[in-house]
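Topology and contacts: notes
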Amino acid sequence: MTLEVPERSLTALLGPSGGGKSTLLRVIAGLETPDTGTVEIDGEDLTGVPVRKRGIGFCFQHYAPFRHLTVRRNVAFGLEVRRLGKAEVRAKVDELLDLVKLTAFADRYPSQLSGGQRQRMALARALAIEPRVLLLDEPFGALDAQVRKQLRGWLRDLHSKINVTTVLVTHDQEEAMEVADRLAIINDGRLEQVGAPAHIYDHPANEFVLKFLGPATELDGTWVRPHDLVLHRGPKAPGGRRATVERVTHLGFEVRVDLRLPAGGDVWVQLHRGSAAELHLAPGDQVWVSPSGTATARVPVPPASPLAVG
Amino acid sequence: MKKRRANWPRLSLRAGALGYLALLIVVPVGSVFYRAFQHGAAAAWDAITTTDALHALVLTLVVAGIAVPLDTVFGVGVALILARHRFPGAWLLDALVDIPLALSPVVVGLALVLVYGHTGWFGNWLAARGITVIFSVPGIVMASAVVALPYVVREVLPVLQEIGTEQEQAARTLGAGRVAVFRRITLPSIQRGLAYGMTLTTARVLGEFGAVAIVSGAILGRTQTLTLFISSSIENLDPVGAYTGSVILALIALAVLGLLALTSPRERRSRWPSRSPGSPSASAPLSPSTA
């Protein structure tokens, strides 16, 4: 596979666990050697270059803090190894600690930090060497939901502030769509699709991408987004299909309607509570279901595999 | 916080443990100290400032000074290999390291004599080049290094396995070379285990008798270490020499343990964990033994 990451972009490698995303990231960093293929940055072939000379900032999933060093010394590590002057190191570290808002924690040890603080320390440590590329392996994977949400926004702000080319790995599509300006969908070692999040969501290349990025339901041999379907009391739209309402579930602002087609098969539709209320839907009602005019995410359902029959 | 009163099974358990230690360690070691100074400090001083006694002390320190660094370098190396590499035969290396623990030191000494004595395989070759191993200092160093070989490996290996390699990988991405990674990351991470392993190694080398007795020939004033000196003093009906030698040996051992306590102050501070049932005891799992 070939994946190009534009300069200064924030690209997310997105896909199910075990699909090879982290391996790809480690290959870019030089922590793993590819069987075949090359890694290039700015047109320079880095495939044979050792890790320490690649100038790549890497944040590990569990942050890999140096446990015997304080936050300040952790951040200073890359600069100390480069034998920079004491004053220079100090100034640079102070600046980074301020950037990640850890100034007050400079003299603590990693064991005295929360998960989010450790994450920020790891980020400052990786940024200290002014990397050409910043790689983040499941940056929010080890945090609880609350902190994760906060850090997503924070990371996006940080990226727009420092503007370093960033690649992050995640299996959470919501996280990828929120943080990244480009997605690379990876499944089973294959690159499925690359592009802007909104574009991929609306124009998925195949069944896998469509189903992985959002909800999907099947109508007339085509996968569609359930919020791209409309319901009518009468056959208004051409190509509308008759269906029976099986169940109506209210989920806050959205309403989920499960339908049964007369020929067999189930479809579900996502409606706003307003449009659901207008329809006065109840189980047993007859309705017409059709794709909305703006529905672009449509992928034919591949022929059923023998295993699925039954 | 509720104060818990020690009930009788607890008390008797403590008394039992203390009594056991007293009978086996405190009373015998104390009596050695008493006997050494029984005839006054002057007599004790005279006994340990004889040429032979001083020579034994110096030789013991020299042997420890060579054998302990050898075992340390080898031990860290083997621990790194076992922790970081998978290769066929790793189990064999792992098992071989423990052999000196299982084997009687006397057997170790005998085996060395067989190989390095002047009728042995390597001994012949070495003797032709004017190098004497057995009945000489190199043999004593070798025997001491062998019997104390497992301690550093066994203390460092679990620490290496526990810390993993992520910190080292992180250091490499930040620009550190092999040496810098070892010095700045690996070594500080294993420091505590290493210090304890080195202490055990030192204690073992200082106190080794069986293996050294066989390889050294116990030549007075030449190949006599402190333990051999004590033993020969007993045989020569020189109890003051024997007791004083023992006191010196004990003092060196105490100094080594004291050094260990200094290198890991945080571990030792809470030797008496608070009585509240919820508080985790932070005392070291490896308490020094007077080996």
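**Some words on the nonpolar core**
In this structure, A:Leu13, A:Cys59, A:Val75, A:Ala124, A:Leu135 and A:Val289 are the most contacted members of the largest nonpolar core, which totals 82 residues. Sorting elements by how many residues they give to this core places helix α4 (residues 115-127) of chain A first, with six residues. Counting only domains with at least three residues in this core, you end up with domain 1 (10-207) and domain 2 (217-308) of chain A. The next biggest cluster of nonpolar side chains, apart from the first, holds 58 residues, and it includes B:Met142, B:Ala145, B:Ala242 and B:Tyr243.

**Examining the confidence of the model for chain B**
Residue and element names in this part refer to chain B. Per-residue confidence for chain B averages 84 on the pLDDT scale, and 88% of its residues sit at or above 70. With pLDDT under 50 throughout, residues 267-291 is counted as low confidence; its partners more than four residues away or in other chains account for 24 contacts. Across the whole predicted complex the pTM is 0.80, and at the interface the ipTM reaches 0.85.

**With respect to the pairing of strand β5 (residues 133-137) of chain A**
Two faces make up the sheet, and in a regular strand the side chains alternate between them. Residues and elements named next belong to chain A. With five of five residues buried, β5 is to be regarded as a mostly interior element. Side chains Val 133, Leu 135 and Asp 137 of β5 all project onto a buried face; the interleaved residues Leu 134 and Leu 136 project onto the opposite face, where all are buried too. Strand direction decides the pairing type here: strand β4 (residues 56-59) and β5, joined by four bridges, are parallel. Residue pairing across strands places Ile 56 opposite Val 133, the latter belonging to β5.

**Observations regarding the interface of chain B and chain A**
Taken together, the contacts link 15 residues of chain B with 17 residues of chain A. The set of elements that each furnish at least two residues to the side of chain B that touches chain A consists of α9 (166-173) and α10 (178-207) of chain B. With seven residues, α9(B) is the largest single contributor of residues to the side of chain B that touches chain A.

**Here's the deal with the environment of B:Leu101**
Residues and elements named next belong to chain B. As for its position among the elements, Leu 101 is in helix α4 (residues 90-102). Taking the number of C-beta atoms within 10 Å as the measure of exposure, Leu 101 has 12 and is therefore exposed. Taking C-alpha positions, Leu 101 is 15 Å from Gly 207, a pair spaced 106 residues apart along the chain.

**Focus on the packing of helix α8 (residues 150-163) of chain B against α10(B)**
All names here are of chain B. Their axes nearest at 7 Å, the elements α8 and α10 cross at an angle of 170 degrees. Judged by the inter-axis angle, α8 sits roughly antiparallel to α10. Contacts between α8 and α10 pair Tyr 151, Val 152, Glu 155, Val 156, Val 159, Leu 160 and Ile 163 from the former with Ser 189, Ile 190, Gly 193, Leu 194, Tyr 196, Gly 197, Met 198, Leu 200, Thr 201 and Arg 204 from the latter. The residue inventory of the contact of α8 with α10, partitioned by class, reads eleven nonpolar, four polar and two charged.

The rules behind each value
- Residues numbered from 1 in each chain as written.
- Chains lettered and ligands numbered in written order.
- Predicted model: local features only at pLDDT ≥ 70, side-chain atom pairs only at ≥ 80, totals over all residues.
- Core = buried A, V, L, I, M, F, W, Y, C linked by C-beta atoms within 7 Å.
- Buried ≥ 20, exposed ≤ 12 C-beta atoms within 10 Å, placed from the backbone.
- Helix = DSSP H or I, 4+ residues; strand = E, 2+ residues; numbered from the N terminus.
- Domains from an automatic or database assignment.
- pLDDT = per-residue confidence, 0-100.
- Contact = placed C-beta atoms within 7 Å.
- Pairing = 2+ DSSP bridges.
- Axes fitted to C-alpha atoms, helices over the stretch in contact; angles between N-to-C directions.
- Parallel < 35°, antiparallel > 145°, perpendicular 65-115°, else oblique.
- Nonpolar A, V, L, I, M, F, W, Y, C, P; charged D, E, K, R; others polar.

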